[in-house]
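Chain by chain, the residues run as shown.
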Amino acid sequence: MADAPESHRQRPSPHGRLTCHDSGMSGEEWTTTEHAQRYLERADDYPHRATGEATLLAQIPSSARRVLDLGTGDGRLLRIIAGERPDLVGVGLDFSAPMLDAARRYLDGQERFTLVEHDLVEQLPELGSFDVVVSSFAIHHLEDERKRSLYGEVFELLEPGGVFANLEHVASPTKRLHEAFFEAIGEPLSDEDPSDRTLDVESQLGWLRELGFADVDCYWKWLEMALLAGVKPAK
Ligand SMILES: C[S@@+](CC[C@H](N)C(=O)[O-])C[C@H]1O[C@@H](n2cnc3c(N)ncnc32)[C@H](O)[C@@H]1O
């Protein structure tokens, strides 16, 4: 990229939507029933979200058998994947008990999905290897250093040829575009949340390349919603 973007790293994000709310800086509000419920009630409201999710789904190789969803929430991505790919089994990971309770309800009867309570601030637990690792609007809650180290852990647990697809809330390159995002999702800027840690697309794509991922790109983007993906090279 020719120009360095204005500094919008760790920019806070909209109330009750993709992101945290309330006053905390740690993201622990997600562990409250109220906060989780507020997000879930509005999760379908984002413009163009379904297009991003469909683009993510399209990155899953037909040969894939095992998927991991980081920050699974109520299992939204796993349900979408389950609808299209009845052959896949997987794990949904989150640190929020209310979210995991919702995931259990929504994934009722889907014994092929296991739910794991884990704080992504900590190194991933032993989960085995995966053909696909996905995430949706969750990793931006982590500090930048942890985002990068998590991407490295994802690379390690992917099988050769495996895909990492992160549908993420990213930072805008300019203040005007950041304001345009808020306007587009119908949220006042005053609802920005200081606990979010959005990061620009280019930095994250650079990390993925440095870590060894191939075919790294932003596969879809609409304002501050972007699908960042890469493939672990086959041996
Ligand atoms: C905006 S919601 C997205 C949920 C789901 N992926 C979706 O697309 O609907 C963010 C999710 O990230 C989870 N999360 C935030 N910080 C986390 C952390 N440190 N460890 C694990 N999960 C976290 C929250 O509990 C919440 O379920």
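Residues numbered from 1 in each chain as written. Predicted model: local features only at pLDDT ≥ 70, side-chain atom pairs only at ≥ 80, totals over all residues. Heavy atoms only, no water.

### Describing the overall build of the chain
Part 1 of the reasoning: Within the chain one finds seven helices and nine strands.
Part 2 of the reasoning: When the 235 residues of the chain are sorted by exposure, 53% land in the buried category.
Part 3 of the reasoning: Within the chain, counting contacts between residues at least 6 apart in sequence, those at least 24 apart form 72% of the total.
Part 4 of the reasoning: For the chain, the computed accessible surface area is about 10300 Å², with 48% contributed by carbon and sulfur atoms. (Helix = DSSP H or I, 4+ residues; strand = E, 2+ residues; numbered from the N terminus. Buried < 20%, exposed > 50% of the residue type's maximum accessible area, 1.4 Å probe, protein only. Contact = heavy atoms within 4.5 Å. Areas by Shrake-Rupley, 256 points an atom, 1.4 Å probe, with all protein chains shown as cover.)

### Things to note about the packing of helix H5 (residues 144-157) against helix H7 (residues 201-211)
Part 1 of the reasoning: Interhelical geometry of H5 versus H7 gives an angle of 40 degrees and a closest axis separation of 10 Å. If you check the angle between H5 and H7, you find them oblique. When the axes of H5 and H7 are compared, the crossing they make is right-handed. Contact residues: Asp144, Lys147, Arg148, Tyr151, Gly152 and Phe155 in H5; Gln204, Trp207, Leu208, Glu210 and Leu211 in H7.
Part 2 of the reasoning: Of the residues assigned to the contact of H5 with H7, the class counts are five nonpolar, two polar and four charged. (Axes fitted to C-alpha atoms, helices over the stretch in contact; angles between N-to-C directions. Parallel < 35°, antiparallel > 145°, perpendicular 65-115°, else oblique. Left-handed = near helix turned anticlockwise from the far one by under 90°. Nonpolar A, V, L, I, M, F, W, Y, C, P; charged D, E, K, R; others polar.)

### Re the side chain of glutamate 187
Part 1 of the reasoning: Note on placement: glutamate 187 falls in the loop between helix H6 (175-184) and strand E7 (193-198).
Part 2 of the reasoning: Since its relative accessible area comes to 7%, glutamate 187 is described here as buried.
Part 3 of the reasoning: A polar contact is formed between the side chain of glutamate 187 and the side chain of arginine 42, at a distance of 3.0 Å. (Polar contact = N/O pair within 3.5 Å; in protein donor to acceptor, adjacent residues only side chain to side chain.)

### Looking at the confidence of the model for the chain
Part 1 of the reasoning: Confidence in the prediction for the chain averages 88 pLDDT; 88% of positions are at 70 or higher.
Part 2 of the reasoning: Within the model, the stretch residues 1-17 combines pLDDT values under 50 with 65 contacts to residues more than four positions away or in other chains.
Part 3 of the reasoning: Ignoring residues within four places in sequence, the model shows residues 19-25, a span with pLDDT below 50, making 34 contacts including any to other chains. (pLDDT = per-residue confidence, 0-100.)

### With respect to unusual backbone geometry
Part 1 of the reasoning: In this structure, histidine 48 takes a positive phi of about 70 degrees despite not being glycine.
Part 2 of the reasoning: With respect to the helices and strands, the residue histidine 48 is situated in the loop between helix H1 (33-42) and helix H2 (49-58).
Part 3 of the reasoning: What makes histidine 48 partly exposed here is its relative accessible area of 43%.
Part 4 of the reasoning: If you check the backbone angles, aspartate 215 has positive phi at about 50 degrees while not being a glycine.
Part 5 of the reasoning: Position of aspartate 215 among the secondary structure elements: in strand E8 (residues 214-222).
Part 6 of the reasoning: When its relative accessible area of 57% is taken as the criterion, aspartate 215 is described as exposed.

### Side note on H7
Part 1 of the reasoning: Every buried residue of H7 is listed here: Val201, Gln204, Leu205, Trp207 and Leu208. Axial view of H7: buried residues confined to an arc of 155 degrees, hence all on one face.
Part 2 of the reasoning: Structurally, H7 contributes buried residues whose contacts are with H5, strand E6 (158-169), E8 and strand E9 (225-231).
Part 3 of the reasoning: Two or three places before glutamate 202, at the start of H7, stands the capping residue aspartate 200, its side-chain oxygen 3.2 Å from that residue's backbone nitrogen. (Arc of directions from axis to C-beta.)

### A look at the site of the ligand
Part 1 of the reasoning: Residues in contact with the ligand amount to 20 residues; listed here are only the nearest, Tyr39, Arg49, Gly71, Asp94 and Ser136.
Part 2 of the reasoning: Measuring from an oxygen atom of the ligand, one finds a side-chain N or O atom of tyrosine 39 at 2.6 Å.
Part 3 of the reasoning: In this structure, serine 136 approaches the ligand through a side-chain N or O atom, which is 2.7 Å from an oxygen atom.
Part 4 of the reasoning: Considering only residue class, the shell around the ligand consists of nine nonpolar, seven polar and four charged. (Near = heavy atom within 4 Å.)

### Points about the sheet that holds strand E4 (residues 113-117)
Part 1 of the reasoning: One open sheet holds the seven strands; their spatial order is E4-E3-E2-E5-E6-E9-E8, and the pairing between them is mixed. Edge positions in the open sheet fall to E4 and E8, since each of these has one partner strand only. In this sheet, neighbouring strand axes are inclined to one another by 15 degrees on average, regardless of whether the strands run parallel or antiparallel.
Part 2 of the reasoning: Note that strand E2 (residues 66-70) and strand E5 (residues 130-136) share four bridges and pair parallel. Within E5, the residue paired with aspartate 69 across the bridge is valine 134. (Pairing = 2+ DSSP bridges.)

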